[in-house]
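A closer look at the structure
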Amino acid sequence: MRIIRYLPDAVTSMNLLCGILGVAAAFSGNIDTAFILMLAAAVFDFCDGFCARALDAYSDFGKELDSLSDMVSFGVLPSMMMYVMMTGLFGRGAICSVPLIIAVFSGLRLAKFNVDSRQSESFLGLATPACAMICGSLCCCLLHHPQSLLSSLAEWKFFIPALSVALSAMLVCELPMFSMKIKKGAPRSETLKRIVFLALSALAAVSVLLCGAYWAAVVLCVFVIYILMNIVCAILPKRL
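In what follows, the accompanying structure is described. On a predicted model such as this, the values are computed, not experimentally measured, just so you know.

Attention now goes to helix α1 (residues 7-27). Counted at 1.5 Å a residue, the expected span for α1 with its 21 residues is 30 Å, and the 31 Å between its end C-alpha atoms agrees. Those residues of α1 lying buried are P8, D9, V11, T12, N15, C18, G19, G22, V23, A25 and A26. Remark: G29 follows α1 within two positions and exhibits a positive phi of approximately 85 degrees.

We now examine the pattern of salt bridges. Under the criterion given, the structure shown has one salt bridge. Between K112 and E174 there is a salt bridge, with its nearest N and O atoms 2.7 Å apart. Taken together, the residues span a long stretch of sequence, with K112 in helix α4 (residues 101-115) and E174 in the loop between α7 (159-172) and β2 (176-177) at a distance of 62 residues.

As for its position among the elements, S151 is in helix α6 (residues 149-154). At a separation of 2.4 Å, a polar atom in the side chain of S151 contacts the main-chain carbonyl oxygen of H145.

Okay, the nonpolar core next. Residues F35, M38, M81, L126 and Y226 are the most contacted members of the largest nonpolar core, which totals 58 residues. Broken down by secondary-structure element, the contributors of at least two residues to this core are α1, α2 (31-55), α3 (60-90), α5 (128-144), α7, α8 (188-210) and α9 (216-235). The greatest single-element share of this core, amounting to eleven residues, is contributed by α5. Residues within four places of F35 in sequence aside, it is in contact with M81, M133, G136, S137, C140, W215, A216 and V219.

Moving on, we come to the packing of α3 against α7. Two elements in contact, α3 and α7, have axes separated by 10 Å at closest approach and are oriented at 165 degrees. Classified by the interaxial angle, the pair formed by α3 and α7 is roughly antiparallel. Helix-helix and strand crossings are classified by hand; for α3 and α7 the assignment is left-handed. Of the residues in α7, those touching α3 at M82, M85, M86 and L89 are I160, P161, L163 and S164. Across the contact of α3 with α7, the residue classes break down as seven nonpolar, one polar and no charged.

By secondary structure assignment, the location of S106 is in helix α4. For S106, a relative accessible area of 0% translates into the label buried. Beyond its immediate sequence surroundings of up to four residues, S106 is in contact with M71, F74, G75, T128 and L171.

So, on to the state of the cysteines. Using the criterion set out here, one finds zero disulfides in the structure. With no disulfide of its own, C211 lies closest to C221 among cysteine sulfurs, the gap being 9.3 Å.

Let's shift gears to α5. Over its 17 residues, α5 runs 24 Å from end to end, which matches the ideal 24 Å to within 8%, given 1.5 Å per residue. With 14 of 17 residues buried, α5 is to be regarded as a mostly interior element.

Now for a nonpolar patch on the surface. On the surface, V224, L228, I231, V232, I235 and L236 cluster together into a nonpolar patch covering about 480 Å² of accessible area. The topology assignment puts V232 in helix α9. Using a relative accessible area of 37% as the deciding quantity, one classes V232 as partly exposed.

What counts and what doesn't
- Residues numbered from 1 in each chain as written.
- Predicted model: local features only at pLDDT ≥ 70, side-chain atom pairs only at ≥ 80, totals over all residues.
- Heavy atoms only, no water.
- Helix = DSSP H or I, 4+ residues; strand = E, 2+ residues; numbered from the N terminus.
- Expected span 1.5 Å × (residues − 1).
- Buried < 20%, exposed > 50% of the residue type's maximum accessible area, 1.4 Å probe, protein only.
- Salt bridge = Lys/Arg side-chain N within 4 Å of Asp/Glu carboxyl O.
- Polar contact = N/O pair within 3.5 Å; in protein donor to acceptor, adjacent residues only side chain to side chain.
- Core = buried A, V, L, I, M, F, W, Y, C linked by side-chain atoms within 4.5 Å.
- Contact = heavy atoms within 4.5 Å.
- Axes fitted to C-alpha atoms, helices over the stretch in contact; angles between N-to-C directions.
- Parallel < 35°, antiparallel > 145°, perpendicular 65-115°, else oblique.
- Left-handed = near helix turned anticlockwise from the far one by under 90°.
- Nonpolar A, V, L, I, M, F, W, Y, C, P; charged D, E, K, R; others polar.
- Disulfide = S-S within 2.5 Å.
- Patch = residues over 30% accessible without salt bridge, like charges linked within 9 Å, V, L, I, M, F, W, Y side chains within 5 Å.
- Areas by Shrake-Rupley, 256 points an atom, 1.4 Å probe, with all protein chains shown as cover.

Below you can see the structure in the form of structure tokens.
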């Protein structure tokens with residue numbers, strides 16, 4: 001077998017490496033670095049699939065490696081960032097350990113995804129990268145905007161734990177969520193959802209940056225919009 005066919009696995013391994021380094025950065029208190037490494041892991045996570053399709057190099061080994069890498073980068077890393085943020089605000093305690101359940105439910109989510117044939121075109125439940133981006137960007141926003149409304153909410157001791165529980169539930173729920181992968185023959189409604197989402201995300205990004213907020217707030221807004229759109233589409237499927 002040609003060595004080039006191992007390129008997707010090498011890219012996936014970079015995803016895993018970024019996740020490991022991100023966990024180390026989070027434990028050292030370097031939240032910004034941890035989030036940047038999470039974003040890098042997401043880039044590698046996208047690229048490994050692209051490489052596999054381009055080289056027709058799919059394998060069971062690559063599938064398992066991808067899930068293990070995602071577990072670290074988008075399961076363990078965000079839960080560690082939330083945990084570090086909680087302990088920084090309130091010190092050590094049982095309530096501060098609640099965000100760690102994100103790692104557990106991320107594992108459940110990934111295992112479910114691997115055996116669920118219904119999720120080949122779209123998702124059922126929140127994808128682990130989306131959950132991770134919300135956690136990572138939230139931590140960065142709290143760090144850089146200590147006087148914001150969001151920080152005021154975080155000062156309530158149960159805000160981050162409640163959010164962690166909500167995100168964990170969304171990881172394993174049956175809520176239909178559209179994928180950003182564009183395929184030929186996709187229903188018009190799915191294409192419309194993507195267009196509306198991109199338009200709202202662009203508008204939110206411009207608004208956030210004009211307000212002088214930290215750039216991570218753009219990521220937070222984009223994924224919050226993504227969740228809200230999917231909830232609305234599930235409630236009003238015929239109208240949207």
